[in-house]
Amino acid sequence: MDEPGRCARTPATIDSMTTPHQPLSASDLEAATRIAEPDFELLDALIRTDDPDDQAHTLARVALSAFDNYYAVSRRIPALAKAAFYARDWPATVRLSKIRIGLYTACIDQLVPLLKAGLPELANDEKVWVRAEAELLAAIAGRYEADFAFAFWQSLRRKLVSDEWRPVSYDTGPAARPPAAIAAVVRTIAATLPIQPEVIRNVLDAAGFTGPWRDLDGDAALAAAAIEAALEPLSPRAGETAKIEIAESGFFRNRGACLVGRIRLRDRGDMPPRNIPLLVALLNEDDGLVVDAVLCDSDELQFAFSSTLANYHATNPRYHELARLLHELMPKRPLGTQYSCIGFHHLGKVAVMNEILTEHRRSKEKLATAPGFKGTVAIAFTMPCSAYVLKIIRDHPTDDYKFDYFDGLDAVLRKYNLVHEIDRAGSMLDNIIYSNVKLARTMFAPDLLDELLEAGIGTVTLERDALVFRHLIVQIKLTPLPLYLTTAAAADARAAVINLGDCIKNNAAADIFNKDLDGRNYGVSRIRKVYLFDYDAVEQLTEVKVRSTPPMPRAEDEDGVVFRPAQMLEGLRIDDPGLRRAFRDAHPELMQPDYWEGMQHALRAGKVPKVMNYPTSRRLRR
Ligand SMILES: Nc1ncnc2c1ncn2[C@@H]1O[C@H](COP(=O)(O)OP(=O)(O)OP(=O)(O)O)[C@@H](O)[C@H]1O
């Protein structure tokens, strides 16, 4: 049996990376994350050969070599994020998140123009692609990241035919992997209840967090006490054995790092097996590492791991097992989005599409217009069982559109994309944007099918027995705020309205201002948090003209976006006077120009207000 507090597996740190404590210069960072150039010799050979077999073989090699270049850099980033955490190099951590998110597309964009220029006929040469795909599959067979390489291959092909109505599937196809076994990424540490500070020190040590610490003994004692309190509802008994399962991965983001796992208590005769999730949040302050918080509640973990924040960089490369573990710890959030929150956005995209197709196959439900107000710019649809909402942007808004001028479909898509690429400050839903997606016609309810085909939408066409969408946005499904307010208990409705103000403030901190103040652009999640989900009216806050009311000129006489904070409450269109009052009492500053101008000054000065990603009450020292 394992000795209490000792690792049950061969002791080893999370990864063997050394941790330089010096900040990286911007040029070193760029150099470390630069993708190698495509293999020009191979490209040349591909362009010159006339032999179909040779062409297929070389095409597969060209694509795989580009994927390898991408993958090498993407794997380097978590190690760099870890180094930046130790060096307290916060600009580098923010920069790394941005680099990571653009890397996949950048790598594909490097290759596509070269293929288009050198072999313009390639995109339409079905036979070569079929043969090359077989070559590629043979070359990647047995590799852990085979599904990722295959997804890259499909993205490359999708980009090559992007000017045509030619869908390329978003699935892992023949490179699909067997279900992930979580045990492969988990370290088990045996303990006896109550969990002692020594065990916490072993957990941190085994994870490779070796200090220097500000007060390791103090932190370990406080963390052990927090865990003891969290275990209380499970009726623990002194002397009872427990297992701490910790992912063998550091998770790094912005100024923080964390360890994630769970504590298991065995069947005790009078009690069934029990477990609680565990997240140990660390900061690196100027006087050393600190355990800042311990979270033991699934909803709180979900809040900390929100896909509305920049993603974590996980040092363990086994993304399937990590995503599965996170899903077990946070089951209210669908599996697909767990990939995105550890930086595997494209795989997340593939997983989400698979989930939607599976939901449909299992439930036999049809996609129908999403509950709530009908959009004037978007058409949103979902299945009752689905965790997701699908949206397309109309070519032209409906007659009810609120603004005088519509920037056009491309401008709206750019806004959805912008929100996908920024740190969404914990309060904006992420957007997964697909292109040229084909969905079986039978998936759609007749009314929706008619609307999609008859509303003069140029980006949807019927191709035999399927609809092809030029673009398709997928978001997590929320309860639209107006619906929530009509059905929620009074206390929940009040909490949602107060949370709406927090959401508006977080968005402002991310330089995002939704000029359509209407509360119907927001939704409430399963963990009762409010998020913005409609982005056609978002502007950069720093570009907005904040005015008091009066004086003149009138808003309509000024160019650009003019915002009068005094009109905020009216703009939200919350009917219930009690809820309006709750909003005003909780957030009086939102109705004041000073608040907005102050935020604009801070943003222009490059100061980014801190976003809290766990409740203050979970901090070990408040
Ligand atoms: N993520 C989501 N979760 C739940 N429902 C959603 C989601 N996104 C959209 N909806 C539903 O679809 C409707 C239309 O979506 P959306 O607000 O994006 O469209 P829009 O045309 O941009 O709206 P508007 O006319 O306010 O500009 C919403 O009112 C809401 O009822």
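Here is what the cut-offs are and how they apply
- Residues numbered from 1 in each chain as written.
- Predicted model: local features only at pLDDT ≥ 70, side-chain atom pairs only at ≥ 80, totals over all residues.
- Heavy atoms only, no water.
- Helix = DSSP H or I, 4+ residues; strand = E, 2+ residues; numbered from the N terminus.
- Rg over C-alpha atoms; globule rule 2.2 N^0.38 Å.
- Buried < 20%, exposed > 50% of the residue type's maximum accessible area, 1.4 Å probe, protein only.
- Contact = heavy atoms within 4.5 Å.
- Salt bridge = Lys/Arg side-chain N within 4 Å of Asp/Glu carboxyl O.
- Pairing = 2+ DSSP bridges.
- Near = heavy atom within 4 Å.
- Polar contact = N/O pair within 3.5 Å; in protein donor to acceptor, adjacent residues only side chain to side chain.
- Areas by Shrake-Rupley, 256 points an atom, 1.4 Å probe, with all protein chains shown as cover.
- Nonpolar A, V, L, I, M, F, W, Y, C, P; charged D, E, K, R; others polar.
- Domains from an automatic or database assignment.
- pLDDT = per-residue confidence, 0-100.
- Buried area = accessible area lost by both parts, 1.4 Å probe.
- Phe/Tyr/Trp six-rings, centres within 6.5 Å; stacked < 30°, edge-to-face > 60°.
- Lys NZ or Arg CZ within 6 Å of the ring centre and 35° of its normal.
- Axes fitted to C-alpha atoms, helices over the stretch in contact; angles between N-to-C directions.
- Parallel < 35°, antiparallel > 145°, perpendicular 65-115°, else oblique.
- Left-handed = near helix turned anticlockwise from the far one by under 90°.
- UniProt positions renumbered as here; feature names shortened; annotations may be inferred.
- Lys, Arg positive; Asp, Glu negative; His and termini not counted.

Section: the overall build of the protein
On a plain count of helices and strands, the protein comes out with 19 helices and 20 strands. Against the 2.2 N^0.38 benchmark of 25 Å for 622 residues, the protein shows a C-alpha radius of gyration of 26 Å, consistent with a compact globule. For the protein, the spread of C-alpha atoms along the principal axes amounts to about 75 × 70 × 55 Å. For the protein, the residues scored as buried account for 55% of the 622 residues in total. Contacts spanning at least 24 positions in sequence make up 72% of the contacts within the protein whose residues lie at least 6 apart.

Description of the pattern of salt bridges
Within this structure, the stated rule accounts for 35 salt bridges. Among the salt bridges present, the one from D109 reaches K159, with a minimum N-O distance of 2.9 Å. With D109 in helix α4 (residues 90–118) and K159 in helix α6 (residues 146–160), the pair connects residues that are 50 residues apart, well separated along the chain. The salt bridge involving E300 is made with R618; its shortest N-O contact spans 2.7 Å. Taken as a pair, E300 in helix α9 (residues 298–304) and R618 in the segment after α19 (593–604) lie far apart in primary sequence, 318 residues in all. With relative accessibility at 33%, the residue R618 sits in the partly exposed group.

Thoughts on the sheet that holds strand β17 (residues 530–532)
Across the sheet, three strands lie side by side as β14-β16-β17; this open sheet has antiparallel pairing. Across the chains shown, the open sheet's two edge strands, defined by having one partner strand only, are β14 (479–480) and β17. Here strand β16 (residues 522–524) pairs with β17 via three bridges, running antiparallel. Among the inter-strand pairings, Y522 is bridged to a residue of β17, identified as L532.

Here we look at the site of the ligand
The environment of the ligand is formed by 24 residues, the closest being T376, V377, A378, K391 and D536. In the model, an oxygen atom of the ligand is placed 2.8 Å from a nitrogen or oxygen of the P371 main chain. D536 is positioned with one of its side-chain polar atoms (N or O) 2.6 Å from an oxygen atom of the ligand. Calculation on the ligand without its partners gives an accessible area of 610 Å², and the protein chains cover 97% of this total. Tallied by class, the residues present in the shell around the ligand amount to 13 nonpolar, five polar and six charged. Both domain 3 (354–477) and domain 4 (481–615) contribute no fewer than three residues apiece to the shell around the ligand.

Describing the confidence of the model for the protein
Considering every residue of the protein, the mean pLDDT works out to 88; 92% of them sit at 70 or more. Between the elements of the protein, mean pLDDT differs from a low of 87, seen in helix α11 (residues 335–340), to a high of 98, seen in strand β8 (residues 368–369). Overall, residues 1–20 carries pLDDT values under 50, and its contacts beyond four positions in sequence, including any with other chains, amount to 49 contacts.

Some details on the domain arrangement of the protein
Under the domain assignment, the protein is made up of domain 1 (35–163), domain 2 (182–342), domain 3 (354–477) and domain 4 (481–615). Averaged C-alpha coordinates put domain 2 and domain 4 at centres separated by 34 Å. Taken together, the contact between domain 2 and domain 4 spans 15 residues of the former and ten residues of the latter. In total, domain 2 and domain 4 occlude about 1,100 Å² of area from one another, counting both sides; carbon and sulfur atoms represent 68% of this. Our enumeration of links across domain 2 and domain 4 arrives at zero residue pairs in polar contact (both at pLDDT 80 or more). Mapped onto the side of domain 2 that touches domain 4, the elements with two or more residues apiece are β6 (288–295) and α9. A per-element tally of the side of domain 2 that touches domain 4 places α9 first, with five residues.

With respect to the pairing of strand β1 (residues 186–192)
A large share of β1 lies buried, amounting to six of its seven residues. In this sheet, strand β2 (residues 241–247) lies alongside β1 in antiparallel orientation, the contact comprising seven bridges. Directly across from A191, in β2, lies its bridge partner A242.

Regarding the packing of aromatic side chains
All chains considered together, the criterion is met by 33 aromatic pairs. Here a set of aromatic residues connected by ring pairs shows up, and it is made of F67, Y70, Y71, Y104, Y144, F148, F152, Y319 and F344. Stacked on the ring of Y434, the Lys or Arg K349 has its end atom at 5.6 Å from the ring centre.

Some words on the pairing of strand β12 (residues 460–463)
Strand direction decides the pairing type here: β12 and strand β13 (residues 466–476), joined by four bridges, are antiparallel. When the sheet's bridge partners are listed, V460 is paired in β13 with F469. Taking the residues that link successive antiparallel strands as the turn, the β12-β13 hairpin has two residues, and the phi of R464 there is positive, at about 50°.

Quick notes on the packing of helix α2 (residues 40–48) against helix α3 (residues 52–87)
Packed helices, taken two at a time, are described by the angle their axes make and the gap between the axes. With their axes 9 Å apart at the nearest point, α2 and α3 run at an angle of 155° to one another. Judged by the inter-axis angle, α2 sits roughly antiparallel to α3. α3 is crossed by α2, and the crossing has left-handed handedness. Here L42, L43, A45 and L46 of α2 come into contact with α3, specifically with Q55, T58, L59, R61 and V62. Among the residues making up the contact of α2 with α3, the classes are represented as six nonpolar, two polar and one charged.

Points about the UniProt feature "binding site: ATP" (unreviewed entry) in the protein
The feature "binding site: ATP" (unreviewed entry), as given by UniProt, occupies A370, P371, G372, F373, K374, G375, T376 and K391 in the numbering adopted here. Taking the farthest pair of C-alpha atoms as the criterion, the annotated set spanning 22 residues converges on one region, since that pair is 14.3 Å apart. Once you skip the residues sitting within four places of it in the chain, F373 turns out to touch P482 and R520. Here K374 falls in the partly exposed class, since its relative accessible area comes to 48%.

Here's the deal with the packing of α3 against α6
Contact geometry of α3 with α6 gives a least axis separation of 10 Å together with a crossing angle of 115°. Here α3 and α6 pass one another in a crossing that is right-handed. Across from L59, A60, A63, L64, A66, F67, Y70 and Y71 in α3, the residues of α6 making contact are F148, A149, F152, W153 and L156. Of the residues in the contact of α3 with α6, the class split is 13 nonpolar, no polar and no charged.

Focus: the side chain of E355
For E355, the position within the fold is in helix α12 (residues 345–363). Buried within the structure, E355 lacks any salt-bridge partner; its nearest side chain of opposite charge belongs to R362, at an N-O separation of 8.2 Å. At 3.4 Å, the side chain of E355 and the backbone nitrogen of L335 are in polar contact. Discounting chain neighbours no more than four positions away, the residues touching E355 are P334, L335, G336 and Y388.

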